[in-house]
Amino acid sequence: MDELNTIRLTQDLATDLFLQNIDFIRSVAFESAPSRSLQEDIVHDVYVCLIENAGKWKYDESKKLALLRSITENMSARYWRSYISNLPESLRILAEKIQAAKETGILQADESENLKILALKLCMEKLSEPNRELVEMIYFGQKKYTDLTQETSKSLGALYTQMSRIRDSLYRCIEQKTKSEDENEPSA
Amino acid sequence: MSPPHEKSFYDLVGRYVHGDITPEQANDLLRYLDEEPDAMAILQRNLLLDLYLDRIFTVRKKDVISASGGCGSLPLSDFIDSSEFDPELNTPIVCSDPLEFTADGTWIRQSEQKKRPNKRKRILIYSGFALSFLIVIFFSVSLIRMAFRSNDPTDSFHSVAVVADLIDVKWPSEENVFKRGQELPEGPIVFQSGLVELLYHNGTRIVLNGPCEYLVRGGKNSFCSEGRISAAVSPAGKGFEIATPFGNVVDLSTEFFVEVTKTECRTDVIKGRVQFSVPELPIISLSLGQAAQVDLHRKVREIPSKPDQYISRKEMEKRTEENTRKIESENRIRYEKQETVPGLIASFRFDGEETRTVLNRSQYGKDLCQKADLSGCRSGDGPLAGTRSIAFDRDNAFGRSRIIGKYDSISCVVYLRIDRLANQGNVICANGDFFDHAGSILWQISREGKLQFFLSGDKPSESVRFESPVVLPRTHWGTWIKLAVVADRGNNTITQYCDGKKIFQEEWKQTQKLQLEDLMLGNLTVNKVGKNNRNLNGAIRNISFFDRALTAEEIAAW
């Protein structure tokens, strides 16, 4: 372990580090640049950066997440600046406001991403049949809202409203589940 | 301001999350955020859940983060020797320990192996596992995307590229067809032959040469299992990566060529540098004029470069021009052949090449092409590159003509595209005075996609309807299709055809002669715009009328 802590980060190790922590990288990217469309490019650039600079960095197991966070934040900032500069003014202000609102702690990346995803899968099972079908049609079937208006005979606004409420309820469910799991853990 | 649980607030949140929000709606949402303390939390929860839902519905790596140590942000210099710190993270690092090309035809980094043989071996095994896993993920994503890819070309929010050009492309099926100018979300492009040029939104140009199986993954990521790729990567697209079953080619701001077959993968550098990484082998850096090849046994060889295989933008333009000339020539031959068919009484054509089609007149060419005045119609793209059509996409769009005479039998053949079936009746052609004169015709497509042919009797109540089964379901929207109807007095039958195949036939008992006076194309109720709309919501390439019953063979050949 001591030996690992002192070695340089090689390209092979960097690949391993990237793959092991890809969920964390995605979360940090979203925290710094909260737009889903930017995620893949940021994550890709983090990988390229790791590979290109691998030979220059020391690998410290205890600080690997901090290293990944630093690189990802660096990349995200660049993408975020470019992204918001192309938006109309009101949308730019809105995007900046969402990104700056750290006090809610909702977008804060941490190590429990996997638990939240796990909780989400359980929460999905608790959704009512019509709601689950709607979620699956949009995220799994990649159907467009405009198509769904004809299939469900609902207006576009009603569909957006329904989907927002479903996401909100799923978030609350995740919170409850992760909280209750913490409470159930035996104290030391 | 109303509380954030109000319906309109959730509507705005949904619109923002899915990128369907206007600047005015963004202002409304900002007002909620300013005035309601919980509004921001609800919005952020929605954004996060959108990310999570997208993640769990995508096949991807499921390893959990087994991290230890803090997550706080630390400066990069903490991890870097002060003597080697490079503040420009994207500056390419020159390899201080270059690879050597050995006599047995493989690349090897000997010095590193000599220095730490045991650790090197272990890391190579880890790296091999990791890269193999990555390839499996690419394949899985490819299959899932192929199965569930949306065909809706309007999804521009997640679009990463646009189809810039197509030359002689042969698609495997109608479901996999891409059109020029179509926005591309992430997903596969599969074709059997020809050239497809993609323009990424970051400026990168890719020319795919078939047979090709290519998967678009984000603005800088792609996967190719077969095909020849010419890539000109823009500065904004630096780092563009083409993954293949044999290894990955990563751009370092350059132009390069990649060829992937079932047994090997080669890459040629036309300009700049690329990284060529093969699982379990050191990463190879190739520069101008160099080429490398890897086979099924992961044996990497240096090979002579073949820059002539690379298709530049200039070369692509030249081929496009040649292709357009070829299509023009083919069209001319087809028109001349059509006009020899006996019994043709009118042929309205809107499918000439762009420079020759007159927007407000169908007439060009020989005398048989009768005149049709068009009103409210727009010029649209035709089914072939460089050809046009007339779009009937407005409520008040119509064509009008007169075909004198009364006929015992008639046939009508139309080549059209339905974009949507929005009206109860979507008229292909009809007599403007259908309800007033016996023997008038009305040929339309119902909202459900059925072909309906009406014949008026002496009284409105004596009109008869001949209706086919559903032939134009939603899946056929947006594709060009040939429809025909034949009223055959000899056999007393009404027959309808779709793409040359008989889809309906029924006995025809009426005795009135048929007439095509005051013929309307693509609409019927022009005087009642906005009420009972009957416009086609599609485009017509050409429509022809005959004074006799065509045979199935003649229709198929038309």
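Note that the coordinates shown come from a computational prediction; the quantities given were computed from them, not determined experimentally.

A. Representation of the overall build of chain A in the model. Each helix and strand counted, chain A has ten helices and zero strands in total. With 188 residues in all, chain A has 53% of them scored as buried. Summed over its atoms, the accessible surface of chain A is roughly 8200 Å², and 50% of this surface lies on carbon and sulfur atoms.

B. Seen up close, a nonpolar patch on the surface. Residue and element names in this part refer to chain B. Together, Ile-125, Tyr-126 and Phe-129 make up an exposed nonpolar region whose accessible area comes to about 350 Å². Relative to the assigned elements, Tyr-126 resides in helix 5 (residues 117–148). Judged by its relative accessible area of 42%, Tyr-126 is partly exposed.

C. Examining helix 2 (residues 23–35) of chain B more closely. Residue and element names in this part refer to chain B. With 13 residues, helix 2 should cover 18 Å at 1.5 Å per step; its first-to-last C-alpha distance of 19 Å lies within 8% of that length. Within helix 2, burial applies to Gln-25, Ala-26, Leu-29, Leu-30, Tyr-32 and Leu-33. Taken down its axis, helix 2 places every buried residue within 160° of arc, on the same side. Relative to its buried face, helix 2 has exposed residues pointing more than 90 degrees away, namely Glu-24 and Asp-34.

D. Spatial organisation of the confidence of the model for chain B. All names here are of chain B. Of all residues in chain B, 73% attain a pLDDT of 70 or more, and the chain-wide mean is 74. The least confident element of chain B, judged by mean pLDDT, is strand 1 (residues 100–101) at 40; the most confident is strand 26 (residues 493–498) at 94. Scored below 50 in pLDDT, residues 148–157 shows 19 contacts in the model against residues more than four places distant or in partner chains. Confidence over residues 353–371 falls short of pLDDT 50; this stretch has 52 contacts with residues more than four positions distant or in other chains. Reported for the predicted complex are a pTM of 0.37 and an ipTM of 0.88.

E. Local environment of helix 8 (residues 129–140) of chain A. Residue and element names in this part refer to chain A. Over its twelve residues, helix 8 extends 15 Å from the first C-alpha to the last, a length consistent with the 16 Å expected when each residue adds 1.5 Å. When helix 8 is considered as a whole, its buried residues turn out to be Leu-134, Val-135, Ile-138 and Tyr-139. The buried residues of helix 8 occupy an angular sector of 105° when projected down its axis, which confines them to one face. Of the residues flanking the end of helix 8, it is Gln-142, one or two places downstream, whose phi is positive at about 55°.

F. Focus on the environment of Gly-237 of chain B. With respect to the helices and strands, the residue Gly-237 of chain B is situated in the loop between strand 8 (221–232) and strand 9 (241–243). Among residues more than four places away in sequence, those in contact with Gly-237 of chain B are Asn-202, Thr-204, Lys-220 and Asp-251 of chain B.

G. Fine view of the packing of aromatic side chains. Residue and element names in this part refer to chain B. In total, this model carries nine aromatic pairs over all chains according to the counting rule given. Ring geometry for Phe-9 against Tyr-10: centres 5.6 Å apart, planes inclined by 75°, an arrangement best described as edge-to-face. There is no split in this pair, since Phe-9 and Tyr-10 are both buried. Grouped by ring-pair contacts, the aromatic residues Phe-9, Tyr-10 and Tyr-32 constitute a single cluster.

H. Focus on the packing of helix 8 of chain A against helix 9 (residues 145–152) of chain A. Residues and elements named next belong to chain A. Where helix 8 meets helix 9, the axes come as close as 11 Å, and the angle between the chain directions of the two elements is 145°. Classified by chirality, the crossing of helix 9 by helix 8 is right-handed. Contacts between helix 8 and helix 9 involve Leu-134, Met-137 and Ile-138 on the former and, on the latter, Tyr-145, Leu-148 and Glu-151. In terms of residue class, the contact of helix 8 with helix 9 is built from five nonpolar, no polar and one charged.

I. Quick look at the state of the cysteines. Residues and elements named next belong to chain A. Applying the stated rule across the entire model yields one disulfide over all chains. Covalent S-S linkage joins Cys-123 and Cys-173, the inter-sulfur distance amounting to 2.0 Å. An S-S torsion of about -90° defines the bridge between Cys-123 and Cys-173 as left-handed. With Cys-123 in helix 7 (residues 113–126) and Cys-173 in helix 10 (residues 156–184), this residue pair connects regions lying 50 residues apart in the sequence.

J. The pattern of salt bridges, seen in detail. If you walk through the whole model with that rule in mind, you get 24 salt bridges over all chains. The partner of Arg-69 of chain A in a salt bridge is Glu-31 of chain A, with the nearest N and O atoms 3.4 Å apart. One end of the pair, Arg-69 of chain A, is in helix 5 (residues 64–85); the other, Glu-31 of chain A, is in helix 3 (residues 22–32), and 38 residues separate them in sequence. Comparing Arg-69 of chain A with Glu-31 of chain A, the two get one shared label, buried. The shortest N-O distance in the salt bridge between Asp-28 of chain B and Arg-31 of chain B comes to 2.2 Å. Taken together, the positions of Asp-28 of chain B and Arg-31 of chain B, both in helix 2 and three residues apart, correspond to about one turn of that helix. Each of Glu-31, Arg-69 and Glu-73 of chain A takes part in salt bridges that share partners, so that together they form one network.

K. Spatial organisation of the confidence of the model for chain A. Within chain A, residue pLDDT values average 81, and 91% of them lie at 70 or more. Counting contacts from residues 1–5 of chain A, a segment whose pLDDT is below 50, to residues more than four positions away or on other chains yields six contacts.

L. Highlighting empty space enclosed by the protein. Taken as a whole and assessed by the stated rule, the structure comprises six cavities of 30 Å³ or more. Of the pockets and cavities examined, the largest cavity occupies roughly 180 Å³. Sorting the residues of the lining of the largest cavity by element identifies helix 2 (11–20) and helix 4 (39–53) of chain A together with helix 5, strand 10 (248–260) and strand 11 (264–277) of chain B as the ones contributing at least two each. Element by element, the count of residues in the lining of the largest cavity is highest for helix 4 of chain A, at four residues. Of the residues that constitute the lining of the largest cavity, the class distribution is nine nonpolar, six polar and three charged.

Procedures and definitions
- Residues numbered from 1 in each chain as written.
- Chains lettered and ligands numbered in written order.
- Predicted model: local features only at pLDDT ≥ 70, side-chain atom pairs only at ≥ 80, totals over all residues.
- Heavy atoms only, no water.
- Helix = DSSP H or I, 4+ residues; strand = E, 2+ residues; numbered from the N terminus.
- Buried < 20%, exposed > 50% of the residue type's maximum accessible area, 1.4 Å probe, protein only.
- Areas by Shrake-Rupley, 256 points an atom, 1.4 Å probe, with all protein chains shown as cover.
- Patch = residues over 30% accessible without salt bridge, like charges linked within 9 Å, V, L, I, M, F, W, Y side chains within 5 Å.
- Salt bridge = Lys/Arg side-chain N within 4 Å of Asp/Glu carboxyl O.
- Expected span 1.5 Å × (residues − 1).
- Arc of directions from axis to C-beta.
- pLDDT = per-residue confidence, 0-100.
- Contact = heavy atoms within 4.5 Å.
- Phe/Tyr/Trp six-rings, centres within 6.5 Å; stacked < 30°, edge-to-face > 60°.
- Axes fitted to C-alpha atoms, helices over the stretch in contact; angles between N-to-C directions.
- Left-handed = near helix turned anticlockwise from the far one by under 90°.
- Nonpolar A, V, L, I, M, F, W, Y, C, P; charged D, E, K, R; others polar.
- Disulfide = S-S within 2.5 Å.
- 1 Å grid on protein atoms, 1.4 Å probe; cavity = no way out; pocket = protein on both sides within 12 Å on 5 of 7 lines; lining within 4 Å.
- Points joined across faces, edges and corners; volume = space filled by probe spheres on them.

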